[in-house]
Amino acid sequence: MFCRSINEDEKQQILNILPFKVGKLPVRYLGVPLMDKKISIKDCKSLVEKLSKSLMTGKTKVYLMLGEMVVDHVRFKSGNGKKISAWYDRWNENHALAKSIRKREVHLAGFNDQSKLCDVIDANRWKWSAEWFENHSFLKDVPVPTLTDELDCLIWVTNQGKMVNFKTSQVWKDVKRMGVKVYWEKLVWFSQCISRHAFILWLAIKEKLITQDKLIKWYPQKTVSCQLCKKEPYSHGHLFFQCHYAADIWMRVKNRARIRSNASNWKEIIKDMNDYKNHNHIWNILGKLCLAATVYFVWQEKNCRLFNNEIRDKNV
Ligand SMILES: [Zn+2]
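Being a predicted model, the structure only gives us computed values, none of them experimental. (Residues numbered from 1 in each chain as written. Predicted model: local features only at pLDDT ≥ 70, side-chain atom pairs only at ≥ 80, totals over all residues.)

Caption draft 1: Just the overall build of the protein, in detail. The number of helices and strands found in the protein is 13 helices and seven strands. For the protein, buried positions account for 16% of its 316 residues. (Helix = DSSP H or I, 4+ residues; strand = E, 2+ residues; numbered from the N terminus. Buried ≥ 20, exposed ≤ 12 C-beta atoms within 10 Å, placed from the backbone.)

Right under this line is the structure:
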């Protein structure tokens, strides 16, 4: 309990009722000092830094990126122009006007921040001055929308530039195409693949499995050597298949499955195995299945040893 501006008697009375000890200010909460005087910008600096860092990491970045992707596809279709912001909404082929026209110009021209599309059009002509046309040449190419009695609405612009009604299926179609196509897609995902094997292979190719080299960054004091060979901290490169335990399994699988790759480096192995991706020959499918199964088995074995203390013989 922290007290301020009360006398000793009052403090004692409160302490007799409440089961708390008296604390002394300042204490730090979320990195910011709690004190009995006005907090300064300097005192908040560490909190602001922490928040900025966390806001720009991981999922937030993905959401921001997705947001930008979606915003690029959304346009306003004018009806009566009463709901569309003249400055901030995107109602023409170009960007929102606020990106080019400054607030000061808006106010000097007699408009305001809340002006709607209908406020800047009069009898099918723009209300803005000749000076605006001179300063912002793109305005000459912005056609005056024909205002009607209909309500304004949002529409979706497809990747082909076609304006369509908003449908989640169309959004997915347009947004998913923006991803980069990877060369190994068919090596991982194919009709005969075993999904749990394919999933681990996918993570391994993207080097997204939680391996020791990543954990060291978070816990530099904790070094655990590879559970399979007990020799060095494990990374993707080590597990697939520099580690002699894993390399031995991969070698045996390669021989049985007639896999011709001699690469020992994980990225090189993926490149070699990628030659198998487009052929439906039984040995090609078998090769792909064997790669995924080996990666899955090695990863599972490492986890069994680490978390359950269970050791399986590699000959199994
Ligand atoms: Zn190892």
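Caption draft 2: Quick peek at the confidence of the model for the protein. Residue-level pLDDT values for the protein average 82, and 83% of them are 70 or greater. The secondary structure element of the protein with the lowest average pLDDT is helix 2 (residues 41-55), at 60, and the one with the highest is helix 8 (residues 195-205), at 94. (pLDDT = per-residue confidence, 0-100.)

Caption draft 3: Spotlight on the sheet that holds strand 3 (residues 74-77). An order of 3-6-7 is seen for the three strands of this open sheet, with the pairing classed as antiparallel. A single partner strand is all that each edge strand has here, and the edge strands are strand 3 and strand 7 (163-164). In this structure, strand 6 (residues 153-157) lies alongside strand 7, joined through two bridges in antiparallel fashion. Looking at the pairing, Val157 lines up with Met163 of strand 7. (Pairing = 2+ DSSP bridges.)

Caption draft 4: The packing of helix 8 against helix 13 (residues 282-308), seen in detail. At a closest axis distance of 8 Å, the pairing of helix 8 and helix 13 adopts a crossing angle of 80°. On the basis of their axis angle, the class for helix 8 and helix 13 is roughly perpendicular. Contacts between helix 8 and helix 13 involve Arg196, His197, Ala198, Ile200, Leu201 and Ala204 from the first element and Leu291, Ala292, Ala293, Val295, Tyr296 and Trp299 from the second. (Axes fitted to C-alpha atoms, helices over the stretch in contact; angles between N-to-C directions. Parallel < 35°, antiparallel > 145°, perpendicular 65-115°, else oblique. Contact = placed C-beta atoms within 7 Å.)

Caption draft 5: Focus on helix 11 (residues 244-256). Its 13 residues place the ends of helix 11 18 Å apart at the C-alpha level, agreeing with the 18 Å of an ideal helix rising 1.5 Å per residue. One or two residues past the end of helix 11 sits Arg258, with phi positive at roughly 55°. (Expected span 1.5 Å × (residues − 1).)

Caption draft 6: How the structure looks around helix 8. Buried within helix 8 we find His197, Ala198, Ile200, Leu201, Trp202, Ala204 and Ile205. The inward-facing, buried residues of helix 8 abut helix 7 (185-188), helix 10 (236-242), helix 12 (266-273) and helix 13. Looking one or two residues past helix 8, Glu207 carries a phi angle of roughly 55°, positive in sign.

Caption draft 7: Region of interest: the nonpolar core. The biggest cluster of nonpolar side chains holds 29 residues, and the ones touching the most others in it are Leu201, Leu239, Phe240, Cys243, Ala246 and Val295. Looking at this core, the elements that each hand over two or more residues are helix 7, helix 8, helix 10, helix 11, helix 12 and helix 13. Setting aside its immediate chain neighbours within four residues, Phe240 contacts Ala204, Ala246, Trp266, Val295 and Val298. Of all hydrophobic cores here, the second largest spans seven residues; its members include Phe76, Ala86, Trp87 and Leu97. (Core = buried A, V, L, I, M, F, W, Y, C linked by C-beta atoms within 7 Å.)

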